[in-house]
Amino acid sequence: MRRSVRLGGMVAIGMMLLGATTLGALRLDDPVPGFAARRGEVASVTRDEATVEEGHRIEAVTVRSTSGVTVPMLVKRPLADSAAPLVLILGGHATGRDAARLIPDTRGRVVVALSYPYTGPHRMKGLEILKWAPDIRQALHDTPPAIQLALDWLLQQPWVNAREVHGAGASLGTPFMTVAAALDPRITHVWSVHGAGRTRDLLAHNAQESMPALFAPLAGTLADVIVGGPYLTPEKWVQRVAPRPYTMLNATEDERLPRPAIEALYAAASEPKAIVWFPGKHVQPNRPEIVRALVTTVLTRMEKDTGRMTTADD
């Protein structure tokens, strides 16, 4: 997430310097009407040789759409080929599909972590961000359709139980998983892990790492427009997830997410919803104790939800 935040700060700085010229050069239209076209249909699937690790089968898969959108993913599933519940994860851009490796035991579930459909550099210096800003924006707009495209392939696999699909957006992934779930009823339960709403406020808050606090609000506003935040901010979508459950897991001392932005997302969600607070800071791969606590909580709650679903079906 730290690299994602720095990337957001760089975008903010670049937009402030370039001003109206850059804004005029970028597409600022609503991406929503184009979601279906960008999703397209599954055109090809590339599968690397599977390996067996810690009692799980692990396989890298890349799904390509007829639209050109490409979705890299890592599948970690039980060795048995019987259908199991699906947990689809979208985390920070730096971790990408390797987030599946942060879960040592899937507890009998198919865990799939996605990478963002962005092929440009992740590390940029100074105003180099301006060169890649249109590509970053396009990749962000392509992410909800990419999630749906991944589901198009995954739900056709015999080892996936299509009746139970958990969409987990972690940190940067929360807005995109929320949008995808609002559009796609195949996702039966949405999890926001250390996520929040109000993308403009988030960008402004984190821009303070890269500039004087006085300029951060303007930088946040400009960066929000550039990345399409007014259309993709999750509090505008979350109500459409109901009547499916929406569960938020957040940290009491999160240095990346302002508390009002977290509460705004929860307030916008409709029932059934829940929020669980953990002591500590923002989730990052280099904070394994936080990752372990979150994974344990999510999987435990999923088991309880599965039990309720089974009882209701019986």
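Definitions and cut-offs
- Residues numbered from 1 in each chain as written.
- Predicted model: local features only at pLDDT ≥ 70, side-chain atom pairs only at ≥ 80, totals over all residues.
- Heavy atoms only, no water.
- Helix = DSSP H or I, 4+ residues; strand = E, 2+ residues; numbered from the N terminus.
- Buried < 20%, exposed > 50% of the residue type's maximum accessible area, 1.4 Å probe, protein only.
- pLDDT = per-residue confidence, 0-100.
- Contact = heavy atoms within 4.5 Å.
- Salt bridge = Lys/Arg side-chain N within 4 Å of Asp/Glu carboxyl O.
- Pairing = 2+ DSSP bridges.

J.: In this structure, what is going on with the environment of Gln157? I would like to understand it.
T.: On the secondary structure map, Gln157 appears in the loop between helix 4 (128-154) and strand 7 (160-170). For Gln157, a relative accessible area of 12% puts it in the buried group. A sequence separation of 76 residues divides Gln157 from Asp81, and the C-alpha atoms of the two residues are 9.7 Å apart.

J.: Looking at this structure, I do not really get the confidence of the model for the protein. What am I missing?
T.: Detailed reading of the predicted coordinates is not advisable wherever pLDDT is low. When pLDDT is averaged across the protein, the result is 83; 80% of the residues are at 70 or more. Ranking the elements of the protein by mean pLDDT puts helix 2 (residues 20-25) last, at 45, and strand 1 (residues 42-47) first, at 98. With pLDDT under 50 throughout, residues 1-5 is counted as low confidence; its partners more than four residues away or in other chains account for 18 contacts. Low confidence marks residues 309-314, where pLDDT is under 50. Its contacts with residues over four positions away, or in another chain, come to 3 contacts.

J.: Looking at this structure, I do not really get the pattern of salt bridges. What am I missing?
T.: Opposite charge on two side chains allows them to pair when their charged atoms are near. According to the stated counting rule, one finds 10 salt bridges in the structure shown. A salt bridge links Arg77 to Asp81; the nearest nitrogen and oxygen atoms lie 3.1 Å apart. Asp98 is the partner of Arg101 in a salt bridge, and the nearest nitrogen-oxygen pair spans 3.8 Å. Classification of Arg101 by relative accessible area gives partly exposed; the value is 44%. Exposure remark for Asp98: the relative accessible area of 41% places this residue in the partly exposed category.

J.: How should I be thinking about the pairing of strand 6 (residues 110-114) in this particular structure?
T.: When you tally the buried positions in strand 6, you get 5 out of 5 residues, the bulk of the element. Along strand 6, one buried face is formed by Val110, Val112 and Leu114 and the opposite face, lined by Val111 and Ala113, is buried too. By the bridge criterion, 4 bridges tie strand 4 (residues 70-78) to strand 6 in an arrangement that is antiparallel. Paired with Met73 across the strands is Leu114, a residue of strand 6. When strand 5 (residues 84-90) meets strand 6, the two strands line up parallel, connected through 5 bridges. Each residue of the ladder has a partner; that of Leu88, found in strand 6, is Val112.

J.: When you look at the pairing of strand 3 (residues 56-65) in this model, what are you seeing that I'm missing?
T.: Consecutive side chains of a regular strand alternate in pointing toward one face of the sheet and then the other. Counted residue by residue, strand 3 has 8 buried out of 10 residues, so it is predominantly covered. Bridge count between strand 1 and strand 3: 5 bridges; the pairing is antiparallel. Bridge pairing in strand 3 links Thr46 to Thr62. Strand direction decides the pairing type here: strand 2 (residues 51-53) and strand 3, joined by 3 bridges, are antiparallel. For Thr51, the partnering residue across the bridge sits in strand 3 and is Ile58. Where strand 3 lies against strand 4, 9 bridges are found, and the strand directions are antiparallel. Paired with Glu59 across the strands is Val75, a residue of strand 4.

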